[in-house]
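Residue strings, one per chain:
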Amino acid sequence: MHSDTVIDPNTWAVGEIISIVLFVTLYLSCLVLTLWKAVRNAHGRFYCIVCAASIIIGSFVIVLAPLTSDSNGEMPPQAGVGTWIMILGLLGSVAVFIWGRVVEPTTNNSK
């Protein structure tokens, strides 16, 4: 890159926009899936509620972390904890989807 090239931090690259759209799609689909499974099925209802709650609580911790920490330019540790809580909820809801598509159809067909 040339030294006279000016980079505008307010413009987003196509890769960033694609990443944001994919994450929002994953986030909303996991949240809707776990809430739908929690309402619809009696089996595994508590697990789905815990996954949805961890997604929501992790998101709130991420949003509220900068408000409760010193503004020294670094990411607050609370945001990291909130990220891990949210990621565990997302992985748990993906596991619910995989379990419903792969494991349950094979167990329901056996008589």
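Look up a bit, the structure's there.
Predicted, not measured: the structure shown is a model, and the values here were computed from it.

Here we come to the nonpolar core. Among the nonpolar cores identified, the biggest contains 7 residues, and these are Y27, C30, L31, A52, I55, M86 and L90. For this core, the elements supplying multiple residues, two or more each, are α1 (14–40), α2 (45–68) and α3 (77–109). When residues in this core are grouped by element, the largest group, 3 residues, is from α1. Ignoring any residue separated from it by four or fewer positions in sequence, one finds L31 in contact with A52, I55 and I56.

Okay, the environment of L88 next. For L88, the position within the fold is in helix α3. The spacing of L88 and I55 is 33 residues in sequence and 7.8 Å in space, taken between C-alpha atoms.

In this model α2 runs 34 Å from its N-terminal to its C-terminal C-alpha over 24 residues, within 8% of the 34 Å that 1.5 Å per residue would give. Taking the largest bend as the criterion, α2 deviates by roughly 25 degrees, centred on I62, and proline P66 comes between one and four positions later. Along α2, the residues classified as buried are C48, C51, A52, S54, I55, G58, S59 and A65.

Conventions adopted
- Residues numbered from 1 in each chain as written.
- Predicted model: local features only at pLDDT ≥ 70, side-chain atom pairs only at ≥ 80, totals over all residues.
- Heavy atoms only, no water.
- Core = buried A, V, L, I, M, F, W, Y, C linked by side-chain atoms within 4.5 Å.
- Buried < 20%, exposed > 50% of the residue type's maximum accessible area, 1.4 Å probe, protein only.
- Helix = DSSP H or I, 4+ residues; strand = E, 2+ residues; numbered from the N terminus.
- Contact = heavy atoms within 4.5 Å.
- Expected span 1.5 Å × (residues − 1).
- Bend = angle between axes of the 7 residues up to and from the residue.

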